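Structural overview for review
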Amino acid sequence: MVANDSVLQALQAVIDPNTGKDFVSTKSVKHLEVTGGDVSFDIELGYPAKSQIPALRRALIAAAKGVPGVENVSVNLRTVVVPHAVQRGVALMPGVKNIVAVASGKGGVGKSTTAVNLALALAAEGASVGLLDADIYGPSQPLMMGIDARPVSDDGKTMEPLENYGVQVMSIGFLVGQDEAMVWRGPMAVQALEQLLRQTNWRDLDYLIIDMPPGTGDIQLTLSQRVPMTGAVIVTTPQDIALLDAKKGIKMFEKVAVPILGIVENMAVHVCSNCGHVEHIFGQNGGKNMAAEYQMDYLGGLPLDINIRLQADNGRPTVVADPDGDVAMMYKDIARKVAVAIAGKNRDFSSKFPTITVSANT
Ligand SMILES: Nc1ncnc2c1ncn2[C@@H]1O[C@H](COP(=O)(O)OP(=O)(O)OP(=O)(O)O)[C@@H](O)[C@H]1O
């Protein structure tokens, strides 16, 4: 007779490489059933991990089979992404569980390229993902996502997102000419971006990635206050670190109590396309040091690589153009860290509380 406890004890030896903890102590083991020599259980992950599931399943089965008396093991691993807490006083949006802002202290650091590859990497791992291009100064997502169309509205009030590579997309660039959006002043830009966000019929998203306008001005600050954000990812380049721009971005999110999920260092090293020689043009470890200084996670560094630009410009960003290549793996690794960081945050319980209505007793 095999005891449930013996199985659980054996499973504790399997460490989730993403969280560094075992599945039993994170309460990810569900529905454990032991009947004679047959063991079955589910593992519920809080983040998408399609590519890792076969290896995890093998490790869990091997661990359970190590218990004397166990003959057959059936494991079902699945991902359940839940909504997590956002800024106090800001309500979640229907159909969107977690919003992640991708921001930068200044323009041109590769924020949009990082945002699109992160969105595609999360989708590749099995999540339901949306991408909102809020970059009024250079909406590049239509080009990078290979979408040349206008959104349709069935009811005259809301718009359907466009879709490619399994990601739902809305961009300011679908609706207005670039020179038109560029000249918008603060309040007008915020209103337009909020409408773009809230009047899109996002369909059941685990994650909505927002490609923020670059910089830390009024528009960015107001959006970070009003949009229900689970967290922010800051994209920097080594020069950006030197100029303190990235630090301004960090301060902005701190001011509005949006947690920073980590820092991505872009164009950190140059890889020679002829000889493969790796060169740290702007010095080594800038991003890592900054992350340590601010007690934040360093999510990863991307090289300055001509293919990243060419693939994005051709409407097939690296994660779809070369999904098993080194660079795609770097984006996937960063995306996984982002999702795991989100899974570790407090859940949103706002919908669980009853609404209290105060009425006058006359
Ligand atoms: N790691 C990289 N290697 C090579 N080129 C890159 C890399 N990251 C981004 N680029 C290229 O650099 C340019 C700027 O990138 P991107 O548009 O993503 O920056 P951004 O920070 O979003 O800029 P903006 O502030 O204008 O929106 C683009 O042409 C892009 O293809």
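Residues numbered from 1 in each chain as written. Predicted model: local features only at pLDDT ≥ 70, side-chain atom pairs only at ≥ 80, totals over all residues.

1. Details of the site of the ligand
Around the ligand, the structure places 21 residues, and the nearest of them are G107, G110, S112, T113 and R309. Elements that contribute at least two residues to the shell around the ligand include exactly α3 (111–124) and α12 (306–313). Classifying every residue of the shell around the ligand gives eight nonpolar, nine polar and four charged. (Near = placed C-beta within 6 Å. Helix = DSSP H or I, 4+ residues; strand = E, 2+ residues; numbered from the N terminus. Nonpolar A, V, L, I, M, F, W, Y, C, P; charged D, E, K, R; others polar.)

2. Regarding the sheet that holds strand β8 (residues 205–211)
Pairing is mixed in the open sheet, where eight strands are placed in the order β6-β7-β5-β8-β4-β9-β10-β13. The sheet is open, and its two edges are formed by β6 (162–164) and β13 (298–301), each paired on a single side. With direction set aside, neighbouring strand axes in the sheet form an average angle of 25°. Two elements, strand β5 (residues 129–133) and strand β7 (residues 167–171), share five bridges in a ladder whose sense is parallel. Note that in β7 the partner of V129 across the bridge is V167. In the packing of α3 onto the sheet, the strands contacted are β4 (96–104), β5, β7, β8, β9 (231–236) and β10 (260–265), and the crossing angle to β8 comes to about 170°. Relative to the sheet, helix α11 (residues 286–293) contacts β9, β10 and β13, its axis offset from that of β10 by approximately 160°. (Pairing = 2+ DSSP bridges. Axes fitted to C-alpha atoms, helices over the stretch in contact; angles between N-to-C directions. Contact = placed C-beta atoms within 7 Å.)

3. Quick word on the domain arrangement of the chain
Split by domain assignment, the chain resolves into domain 1 (4–79) and domain 2 (96–343). The C-alpha-based centres of domain 1 and domain 2 are spaced at 35 Å. Tallying the contact residues gives nine residues for domain 1 and eight residues for domain 2. Residues of the side of domain 1 that touches domain 2, tallied by class, amount to three nonpolar, five polar and one charged. (Domains from an automatic or database assignment.)

4. Points about the pairing of β5
Each regular strand displays side chains that alternate between the two surfaces of the sheet. Across the five residues of β5, five count as buried, placing the element largely inside the fold. Judged by which residues are buried, β5 turns out to be covered on both faces: V129, L131 and D133 on one side and G130 and L132 on the other are all buried. Sheet topology note: the β5/β8 ladder contains five bridges and is parallel. Each bridged residue has a counterpart across the sheet, and for L131 the counterpart in β8 is I209. (Buried ≥ 20, exposed ≤ 12 C-beta atoms within 10 Å, placed from the backbone.)

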